[in-house]
Amino acid sequence: MFAADRASQLLGIEPLELGEGTAVLRMTVTASMVNGHGIAHGGYVFLFADTAFACACNSHGAVTVASGAEISFVAPAHEGDVLVATAREVTRFGRSGIYDVRVARGDAVIAEFRGRSRSIRSTEPEEPQ
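Residues numbered from 1 in each chain as written. Predicted model: local features only at pLDDT ≥ 70, side-chain atom pairs only at ≥ 80, totals over all residues. Heavy atoms only, no water.

Caption draft 1: Representation of the sheet that holds strand β2 (residues 22–28) within the structure. Read across the sheet, six strands follow the order β1-β2-β4-β5-β6-β3 without closing on themselves; strand pairing throughout is antiparallel. Looking at which strands have only one partner, the edges of the open sheet turn out to be β1 (14–19) and β3 (63–73). Taking the axes of each pair of neighbouring strands and ignoring which way they run, one obtains an average angle of 20° across the sheet. Where β2 meets strand β4 (residues 82–93), seven bridges bridge the pair, whose relative direction is antiparallel. Bridged to Ala-23 within β4 is Ala-87. Seen against the sheet, helix α2 (residues 42–57) touches β1, β2, β3, β4, β5 (96–105) and β6 (108–121) and runs at an angle of roughly 150° to β2. (Pairing = 2+ DSSP bridges. Helix = DSSP H or I, 4+ residues; strand = E, 2+ residues; numbered from the N terminus. Axes fitted to C-alpha atoms, helices over the stretch in contact; angles between N-to-C directions. Contact = heavy atoms within 4.5 Å.)

Following this line, the structure appears as structure tokens:
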């Protein structure tokens, strides 16, 4: 899934670790990601966390999308900051799941994200009828 994610790749997001129900990604805040206050635009921080969430929830094989998400911004990030998003599966039930993502700069937490997922179909080929 990440290999086909042009938006994330164009922003320089790099996978560091991908596992079942987990993902660790890295992104450097660039000049084009900074808002009028001189801090990373919240939309880019959300997109970064959402990408980690997508990698974690799609790790089980079924095509999985977000059914909702929320983020709490804890501290600002600035141009040149290297951010790491760490996603972990909290629970899966039926076709749904809940995932938490922490975005950090070193030991400093930048944001906490919670995503809700929904599997929409398997990646297995369908049986002919």
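Caption draft 2: Highlighting the pattern of salt bridges. Under the defined criterion, the tally for this structure stands at six salt bridges. As a salt-bridge pair, Asp-100 and Arg-114 come within 2.6 Å of each other at their nearest N and O atoms. Pair noted here: Asp-100 is in strand β5 and Arg-114 is in strand β6, with a separation of 14 residues, a long-range link. Note on Arg-114: relative accessible area 34%, which makes it partly exposed. A salt bridge links Arg-102 to Glu-112, with the shortest nitrogen-to-oxygen separation between them at 2.5 Å. Placement of the pair is Arg-102 in strand β5 and Glu-112 in strand β6, with a sequence separation of 10 residues. Linked by salt bridges that have partners in common, Arg-88, Asp-100 and Arg-114 make up one network. (Salt bridge = Lys/Arg side-chain N within 4 Å of Asp/Glu carboxyl O. Buried < 20%, exposed > 50% of the residue type's maximum accessible area, 1.4 Å probe, protein only.)

Caption draft 3: Structural detail: the environment of Leu-25. For Leu-25, the position within the fold is in strand β2. Sequence separation between Leu-25 and Met-1 is 24 residues; the distance between their C-alpha atoms is 14 Å. Leu-25 has contacts with Ile-13, Glu-14, Pro-15, Leu-16, Leu-18, Phe-48, Thr-51, Ala-52, Cys-55, Leu-83, Val-84 and Ala-85, leaving out every residue within four places of it along the chain.

Caption draft 4: Structural context of the state of the cysteines. Per the counting criterion, the structure on display carries zero disulfides. With no disulfide of its own, Cys-55 lies closest to Cys-57 among cysteine sulfurs, the gap being 8.7 Å. Accessibility expressed as a relative area gives 9% for Cys-55, which makes it buried. (Disulfide = S-S within 2.5 Å.)

Function cannot be inferred from these measures alone, as they are strictly geometric.
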